[in-house]
Amino acid sequence: MQIMEASIVSVRSAIMCFEPADAGPAFILFPMIHVADAEFYREMSEALEDCDLILCEGVKSPTGSLITSSYRYFAGSPRLGLVAQREMDISKIRDRMLHADVSGEAFERKWSQMESWWRFAIPLLAPLYGLYVRHFGTRESIAKGMTMELRRASREIFEGDDMIEFEEVVLHWRDRHLLSVLERERTKSENKDAVIGVLFGAGHMRAVISHLMRKHGYRQVSAYWATVFNL
């Protein structure tokens, strides 16, 4: 099952709908990339209007802001023609959005427990990488390695052990928090015909799909590709 596809012509995100075998709300997953063509975000904001509730991400903390500065530095570059996700118009869906990410305070505490290499190097290197991409990167270089399937690729499996700690903080720990919110909203939904959207980075979708399918027997009933950007 593909979540993201990077081909020789474009990068695409798979918008997937999952329904339960019996009663329960449906889930539509919106794997997000934080820099894309403006048209991608327009399409996503329109599609999200079909959701009764939207679980969304976002860590508001000083360290989180430094880490994500990498894409903010090259978003808006006339040469690349890409914009940041924060440019997405959410005016029509704002009242249905529920923050399902960890708090900024919790993230800062978790980050402070990491090895000093990660704590100091990543916030320093992230903006430098963003500036490099802004001035020298291409859409093709940004797209490299963005293909993602439900099953981890061999290049991910054999990544160095030094990545484990970093991924635990920025990905897996946040996955567990997202799933706890998802489970709470799934069980308390009075409207069993409700549609819940999950608006999170593509990397978090593996955990969501596995949770829905393996724990609750959800099945994918439809999917379509949304073009993130053309190459």
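Values in this document were obtained by computation on a predicted structure and should not be read as measured data.

Caption draft 1: Local environment of the nonpolar core. Grouped together as the largest cluster of nonpolar side chains are 56 residues, with contacts concentrated most on Met4, Phe30, Leu55 and Val198. When residues of this core are assigned to their parent elements, the largest contribution, six residues, is made by strand 2 (residues 10-19). Counting residues in hydrophobic clusters, the runner-up holds 13 residues, among them Val102, Ala106, Ile122 and Trp173.

Caption draft 2: Region of interest: helix 2 (residues 62-74). Compared with the 18 Å implied by 1.5 Å per residue over 13 residues, the 19 Å span of helix 2 between its first and last C-alpha is a close match. Bending of helix 2 peaks at approximately 45° at the position of threonine 68. Among the residues making up helix 2, those that are buried are Thr63, Gly64, Ile67, Ser69, Ser70 and Phe74. Where the residues of helix 2 are buried, they touch strand 4 (35-36), helix 3 (104-112), helix 4 (116-136) and helix 5 (139-143). Backbone geometry just downstream of helix 2 places glycine 76 in the positive-phi region, at approximately 90°.

Caption draft 3: Here's a closer look at the pairing of strand 3 (residues 26-32). Taken across its seven residues, strand 3 has seven buried, putting it largely inside the fold. Of the strand pairs in this sheet, strand 2 and strand 3 are connected by three bridges, and their pairing is antiparallel. By the bridge assignment for strand 3, methionine 16 is matched with leucine 29. Connecting strand 2 to the next strand, strand 3, in antiparallel fashion are six residues, including glycine 24 with a positive phi near 145°. Pairing of strand 3 with strand 9 (residues 195-201), which is carried by seven bridges, proceeds in the parallel orientation. Bridge pairing in strand 9 places alanine 26 opposite valine 195.

Thresholds, definitions, all that
- Residues numbered from 1 in each chain as written.
- Predicted model: local features only at pLDDT ≥ 70, side-chain atom pairs only at ≥ 80, totals over all residues.
- Heavy atoms only, no water.
- Core = buried A, V, L, I, M, F, W, Y, C linked by side-chain atoms within 4.5 Å.
- Buried < 20%, exposed > 50% of the residue type's maximum accessible area, 1.4 Å probe, protein only.
- Helix = DSSP H or I, 4+ residues; strand = E, 2+ residues; numbered from the N terminus.
- Expected span 1.5 Å × (residues − 1).
- Bend = angle between axes of the 7 residues up to and from the residue.
- Contact = heavy atoms within 4.5 Å.
- Pairing = 2+ DSSP bridges.

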